[in-house]
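Commentary on secondary and tertiary structure
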Amino acid sequence: MDDISIILQILFWGLYAGCIYILLATGLNLIFGVMKVVNFAHGEFLMVGAYITFTVFLFTGLNPYVILLLSMLALVGIGAIVERLCFRPILGTGKLNEIFLSIGLIYIFQNGAAMIWGDAWQSVKSPYDGITVPVGPLSVPLDYIIIIVVTALILCGLYLFLKKTTIGMQMRATSQNRKGAMLVGINVERIDVISFGLGCALAAAAGTLWVVSGQVFNPYMGAIPAVKAFAIIILGGLGSIPGAIIGGLLMGLAENGAAFLLGGIWKDAISFIVLIVVLVIRPTGLFGGKEG
Amino acid sequence: MLSAISPSLRYLTALALIAAAALPFLTDNMFIINLAVLMLIAIIFSSAWNLLACSGQGSLGHAAFFGIGAYASTLVAVALGITPFITIFIGAGVAAVIGILIGLTCVRLKEWFLAMVTFGFAIIVQTLVVSVLAPMTGGWDGIPSPRLISPAIPGYQLIEYYAILAITIAIIIAIWYIMRSKAGLAFLAIRENETEARAAGINPVRYRLLAFALSAFIAGIAGALQIHHIGYITPELFGVDNSFWPITFVILGGLGTIAGPVIGTVVLTVIWEGLKETGMTFARYVIIGIILILTIIFLPKGLVSLPERVREWKEKRERKRSVIEEFSSDIE
């Protein structure tokens, strides 16, 4: 392989890895935008989404890309329950409490999943496994292309939902001004539940795509991607969805570039080094305004 | 919070001290002594985390300082051949210096950003230890660490227990003095309202850095003690679990109090070991998570505030009853 195709390879891997981060980071941002809450346990929803896809796939043998919708629906429910039982009672009692509560959620979800599914590494074979498509000088697995297309579709769907539907508009109104939204008669608590559920559904989509791409997973897999998603939204600006998309792509590229140049062991550390360097220069994030 | 030590807390302190001193006479089960040693170390570690939280900074990566103290102390002790009793403080000093360096990034950050940076820092340190520093640290396999008291000495476990108990008490007293000093008041003022603290002439950056340095120093002592107690060191020390335990202990006991970390650690360790007896593995963690969340929602000031909460609840009931009686007598 010549240099150009190595660079292309890294770019493509970065794009694919970026998709999962984008979905996670967008979900986090959606929740933050509306509720001003940061859920550090967001990665656990990715993990649960992955396991739901895995289980349904084992029992029915459906195409995993179809199960994606099922997994997202299930996570809307789980997210709504978590919001109602855990986050609503502590809303407005301090940012530190939200962080500590997330730690409790991490304990519960990770080990609850380990009780149900065991803690061994699992993997699923996609029906399109082994099929490759030539893209320029590269031959790319078909699954990667589907994953990128699915991510783009989900993001377009989200955009239309936020712009065109009444609930989407209410969500935007609440995120802009919570008190104002209450004054014009929006039930902000209902909007909270919907946003949280939607954010979790995006995480579930990320989890399903993770499974479908043939990567291994176990109950503890969610923590690192979630923290990276969080790093992305700090870089891209809290509450900004375009920022999350650009940040996610950059993160995927930086990681795969670092893994190629420095060795795979640096894959996790590099994202935090980037984060710390950025925060040293700009304590509110790259595009962060006064909110941070 | 600190100035008013209630009599009940004073009795509890005395009782705890007597129990801790008498423990080796009550049991000769080395498992329990060993558990008590680990509990004391956890108390030091939680108190260190709590000190930082007092200044409004919630770290999610305190395992980094715990591990740095442990590694620095081990490496110095091995290289120079001096007793761990001295290298513990060298290790803690290294942790404090690195704490100041990472603190320089953190002091200007808001809660979430700070949590992220500290969390990421633990991962970066772990990566460094297993990659660049591997020739020195032994990578993932780890290296043996000199024991605090040589196992050749008869009754070394008891000597070690009392030595660590003494260090723990000294550290708690030191923290008590810090929190009563001007610095401690400044920490609390910054946590409550940074703008007002600034208006009162407190320089938040300086005091936050101080909190970082002190907290990293004490966490470093805890890490070094644990590793010299176990006699072996691996990079697992930097794990996420190790960062989360002190948080869980402190939240349960009572954030921002001296007694909180002690009570939280003891209660949770007893629950943890009790659940182990029932043969639970993953369910133990689920239960800890549920306890943590219930504490945050229903007892936000921790177990320390439990007597107060019970009294409040009783008074409320009393008031309700007297109102009802008044009403019923009016009707008559």
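Keep in mind that this is a model prediction, so the values were computed, not measured. (Residues numbered from 1 in each chain as written. Chains lettered and ligands numbered in written order. Predicted model: local features only at pLDDT ≥ 70, side-chain atom pairs only at ≥ 80, totals over all residues.)

**Things to note about the overall build of chain A**
The condition that has to hold: Working definition: helices are DSSP H or I runs of at least four residues, strands are E runs of at least two. Numbering for both runs from the N terminus. As defined in this context, the radius of gyration uses C-alpha atoms, and a globule is described by 2.2 Å times the residue total to the power 0.38. Comment: burial labels come from other C-beta atoms within 10 Å of the residue's own C-beta, placed from the backbone, where a count of 20 or more is buried, 12 or fewer is exposed, and between is partly exposed. Note that contacts rest on C-beta atoms placed from the backbone: two residues are in contact if these are within 7 Å.
Regarding its fold elements, chain A presents 11 helices and two strands. Mapped in sequence order, the helices and strands of chain A form the string α-α-α-α-β-β-α-α-α-α-α-α-α. In terms of overall size, chain A behaves like a compact globule, its C-alpha atoms giving a radius of gyration of 19 Å where 292 residues would be expected to give roughly 19 Å. With the C-alpha coordinates of chain A rotated into their principal frame, the extents come out at 60 × 50 × 35 Å. Taking all 292 residues of chain A together, the buried fraction comes to 50%. Pairs at least 24 apart in sequence give 76% of the contacts found in chain A among residues at least 6 apart.

**Here's the deal with the overall build of chain B**
Assigned secondary structure in chain B consists of 14 helices and two strands. For 332 residues, the compact-globule formula gives about 20 Å, and the C-alpha radius of gyration of chain B, at 22 Å, lands near that figure. Along the longest, intermediate and shortest principal axes, the C-alpha atoms of chain B span 85 × 55 × 35 Å. Burial status across chain B gives 46% buried among its 332 residues. Once local pairs closer than 6 in sequence are excluded, the contacts in chain B between residues at least 24 apart make up 76%.

**Focus on the pairing of strand β1 (residues 132-135) of chain A**
All names here are of chain A. As a reminder of what qualifies: In short, DSSP must find at least two bridges between two strands for them to pair.
Both β1 and strand β2 (residues 138-141) contribute to a ladder of four bridges, which runs antiparallel. Across the sheet, the residue bridging to Thr132 is Pro141, located in β2. The hairpin turn running from β1 into β2, its antiparallel successor, is two residues long, and Gly136 in that turn takes a positive phi close to 60 degrees.

**A closer look at helix α2 (residues 42-60) of chain A**
All names here are of chain A. As a reminder of what qualifies: What a helix is expected to span follows from its residue count: subtract one and scale by 1.5 Å.
Relative to the 27 Å expected for 19 residues at 1.5 Å per residue, α2 spans 28 Å between its end C-alpha atoms, a close match to the ideal helical length. With respect to burial, α2 is a largely interior element, 14 of its 19 residues being buried. Directly beyond the C-terminal end of α2, a positive phi value near 70 degrees is found at Gly61.

**Things to note about the interface of chain A and chain B**
Selection rule: Under this grouping Gly is polar, as are all residues other than the nonpolar Ala, Val, Leu, Ile, Met, Phe, Trp, Tyr, Cys and Pro and the charged Asp, Glu, Lys and Arg.
With 37 residues of chain A at the contact, the number on the chain B side is 34 residues. Elements that contribute at least two residues to the side of chain A that touches chain B include exactly α3 (64-90), α4 (95-117), α9 (223-236) and α11 (267-281) of chain A. Broken down by element, the side of chain A that touches chain B gets its largest block of residues, 15 residues, from α4 of chain A. Considering only residue class, the side of chain A that touches chain B consists of 29 nonpolar, six polar and two charged.

**Looking at helix α11 (residues 240-253) of chain B**
Residue and element names in this part refer to chain B. Given a rise of 1.5 Å per residue, 14 residues ought to cover 20 Å, and the 21 Å separating the end C-alpha atoms of α11 matches this to within 8%. The element α11 is extensively covered by neighbouring structure, given that 13 of its 14 residues are classed as buried. One or two residues past the end of α11 sits Gly254, with phi positive at roughly 140 degrees.

**Remarks on the environment of Ser139 of chain A**
For Ser139 of chain A, the location among the structural elements is in strand β2. Residues within four places of Ser139 of chain A in sequence aside, it is in contact with Thr132, Val133 and Pro134 of chain A.

**Examining the environment of Arg108 of chain B**
Residues and elements named next belong to chain B. Mapped onto the elements of the fold, Arg108 is located in the loop between α4 (84-106) and α5 (111-130). Given 15 C-beta atoms within 10 Å, Arg108 falls into the partly exposed group. Sequence separation between Arg108 and Pro204 is 96 residues, and the spatial gap between their C-alpha atoms is 9.1 Å.

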